[in-house]
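# Tertiary structure, described
As a plain string of letters, each chain reads:
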Amino acid sequence: MTALATRPGPPAGPPTQPGTGSTADALAAARRGPRRRRAVVVTALTVLVVGLVLVRALLGDYRVSLLDAIRILGGEPIPGASFVLMESTLPRAVVAVLAGAAFGAAGGALQVLLRNPLASPDVLGLTLGASAAAVVAVVLGGLSGTPVTLAALGGALLVAALVLSQAGGRGGATGRMVLVGVALAAGLSAVIHWVLVRASIYQAQDALVWLSGSLNSVTWTDIARLLVLDAVLLPLLLALAGRLPVLGLGDDLAAGLGVRVGPLRVGVTALVVGLVASATAIVGPVAFVGFLSGPIARRLVPGRPAVGVAALVGAVVVLAADHAAATAIPGTALPVGVVTGLLGAPVLLWMLRSRSTAQEGR
């Protein structure tokens, strides 16, 4: 018998670890999923904001066609339509976007910073701090414009400093921070009512409309001032928001990972105060926008600090609420804060109930 010749096989390659490729593919797919969802959510909210701006600017008691609106924005005057669009509906739509984004981003950032879904500029008293200072400046000081914005900023900063100092410097007692904020809000409400009692009937009426949160008397000068502040503060807040989840690991571990905990907390708080004060000084304390925007954003984009998404949600909430306030009762334009308050109160009660139920079940 002849021996069978065997051909040499191909050279053996380096040994492969079983499952390495599939694990990497799974990790890559897991990362792409949330990014794709976030991109879809941001795109959908942006389209919704643009659509609501067109609805709010063009539809109302006096309707303006899209073609006429383009002609007016191009500089061609159209009797009646030019005044309605440029002095009434379009300023309200633009300031609704700016104020809603400011309140929404501030609320979303506070809830991530304090790790408490009940934390918001309304609950912590920041909004009332800005409101009280602005009302004092307007009624007792006779101020208007930029001085009122500065007064609102000072009031919100004072409340923020009191909340942080009285509730523990290391940021662990977030429940106490909420309670301190609620107590300060009650005291500030008393200050506002005392100022209104001393005001004339006309000043009191204007102040009450403003305190309800109203876009009625907004001017392009106010819009320009709020636009500048949003353009400066929002990008800074978004840049810091990516580091906020590390604080959930605890201050010591976060510091061990290279995060400067104290400056980060102070920086985020200062930016939140600036956004809340600037929006409140112009449109008043629009209730519950910051409170609603954070939970909605976390439902849309779970697992990540959705401060930018919360800003878009806030813009959608204020735009939709302002359109509903203008059209709900024919012949009567309600303050936008009335509608957001009606939306936010049931949500707050539901969240309080769900939190208490979860704690009882432990």
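Residues numbered from 1 in each chain as written. Predicted model: local features only at pLDDT ≥ 70, side-chain atom pairs only at ≥ 80, totals over all residues. Heavy atoms only, no water.

### A word on the environment of Thr221
By the secondary structure assignment, Thr221 is in helix α8 (residues 220–241). Given the relative accessible area of 54%, Thr221 is considered exposed. With 76 residues separating them along the chain, Thr221 and Gly145 place their C-alpha atoms 8.7 Å apart. (Helix = DSSP H or I, 4+ residues; strand = E, 2+ residues; numbered from the N terminus. Buried < 20%, exposed > 50% of the residue type's maximum accessible area, 1.4 Å probe, protein only.)

### Details of the packing of helix α3 (residues 81–114) against helix α10 (residues 261–283)
Direction vectors running N to C along α3 and α10 enclose 150 degrees, while the axes themselves pass 9 Å from each other. Classed by the angle they form, the pair α3 and α10 counts as roughly antiparallel. Here α3 and α10 pass one another in a crossing that is left-handed. Side by side, α3 and α10 meet where Val95, Ala99, Ala102, Phe103, Ala105, Ala106, Ala109, Leu110 and Leu113 of the first sit next to Arg265, Val268, Thr269, Val272, Leu275, Val276, Ala279, Thr280, Ile282 and Val283 of the second. Residue composition of the contact of α3 with α10, grouped by class: 16 nonpolar, two polar and one charged. (Axes fitted to C-alpha atoms, helices over the stretch in contact; angles between N-to-C directions. Parallel < 35°, antiparallel > 145°, perpendicular 65-115°, else oblique. Left-handed = near helix turned anticlockwise from the far one by under 90°. Contact = heavy atoms within 4.5 Å. Nonpolar A, V, L, I, M, F, W, Y, C, P; charged D, E, K, R; others polar.)

### Some details on the pattern of salt bridges
Summed over all chains, the structure comprises five salt bridges. Between Glu76 and Arg71 there is a salt bridge whose closest N-O contact spans 2.7 Å. Its relative accessible area of 33% is what places Arg71 among the partly exposed residues. Connected via shared salt-bridge partners are Arg56, Arg92 and Asp322. (Salt bridge = Lys/Arg side-chain N within 4 Å of Asp/Glu carboxyl O.)

### Details of the nonpolar core
Soluble, globular proteins show a tendency: their nonpolar side chains are buried together. In this structure, Leu126, Leu237, Val272 and Val283 are the most contacted members of the largest nonpolar core, which totals 89 residues. The leading source of residues in this core is α3, at 15 residues. By size, the runner-up hydrophobic cluster in this structure holds nine residues, among which are Leu58, Ala69, Ala81 and Leu85. (Core = buried A, V, L, I, M, F, W, Y, C linked by side-chain atoms within 4.5 Å.)

### So, empty space enclosed by the protein
If you walk through the whole model with that rule in mind, you get two cavities of 30 Å³ or more. In this structure, the largest cavity encloses a volume near 80 Å³. Taken together, Leu110, Leu113, Leu114, Leu124, Leu126, Ala160, Val163, Leu164, Met177 and Thr269 make up the lining of the largest cavity. Looking at the lining of the largest cavity, the elements with two or more residues in it are α3 and α5 (146–166). (1 Å grid on protein atoms, 1.4 Å probe; cavity = no way out; pocket = protein on both sides within 12 Å on 5 of 7 lines; lining within 4 Å. Points joined across faces, edges and corners; volume = space filled by probe spheres on them.)

### A word on the packing of α8 against α10
Where α8 contacts α10, the axes come no closer than 10 Å and their chain directions differ by 160 degrees. As far as their axial angle goes, α10 and α8 are roughly antiparallel. Pair α8 / α10 crosses with left-handed handedness. Packed against α8, whose contacting residues are Asp222, Arg225, Leu226, Leu229, Asp230, Leu233, Leu234, Leu236, Leu237 and Leu240, the element α10 presents Leu264, Gly267, Val268, Leu271, Val272, Gly274, Leu275, Ser278, Ala279 and Ile282 at the interface. Residue classes in the contact of α8 with α10 are distributed as 14 nonpolar, three polar and three charged.

### Here's the deal with the environment of Ser120
Topologically, Ser120 is positioned in the loop between α3 and α4 (126–140). The spatial distance from the C-alpha of Ser120 to the C-alpha of Gly181 is 9.7 Å, given a sequence separation of 61 residues. Residue contacts for Ser120: discarding those within four places in its chain leaves Leu110, Gln111, Gly290 and Phe291.

### Focus: the side chain of Arg92
Looking at the secondary structure, you find Arg92 in helix α3. Assessed through its relative accessible area of 9%, Arg92 is described here as buried. Within the local environment of Arg92, its side chain forms a polar contact with the side chain of Asn216, the two groups lying 2.7 Å apart. Not counting residues within four places of it along the chain, the set of residues in contact with Arg92 comprises Arg56, Leu215, Asn216 and Asp322. (Polar contact = N/O pair within 3.5 Å; in protein donor to acceptor, adjacent residues only side chain to side chain.)

### Notes on the confidence of the model for the protein chain
Residues of the protein chain with pLDDT of at least 70 account for 83%, and the chain-wide mean is 81. Low pLDDT (under 50) marks residues 1–6, which in the prediction has zero contacts with non-local residues, meaning those over four places away or in another chain. (pLDDT = per-residue confidence, 0-100.)

### What to know about a nonpolar patch on the surface
A grouping of Val50, Leu54, Leu66 and Ile70 is seen on the molecular surface, where their side chains present a nonpolar patch of about 370 Å² in accessible area. The residue Ile70 is located in helix α2 (residues 66–73) in this model. (Patch = residues over 30% accessible without salt bridge, like charges linked within 9 Å, V, L, I, M, F, W, Y side chains within 5 Å. Areas by Shrake-Rupley, 256 points an atom, 1.4 Å probe, with all protein chains shown as cover.)

### Some points on α4
Helix length check: α4 (15 residues) gives 21 Å between terminal C-alpha atoms against 21 Å at 1.5 Å per residue, within 8%. The element α4 is largely enclosed, with a buried count of eleven among its 15 residues. Turning to α4, its buried residues number three or more, namely Leu126, Thr127, Gly129, Ala130, Ser131, Ala132, Ala133, Ala134, Val135, Ala137 and Val139. Looking at the residues trailing α4, positive phi occurs at Gly142, about 65 degrees. (Expected span 1.5 Å × (residues − 1).)

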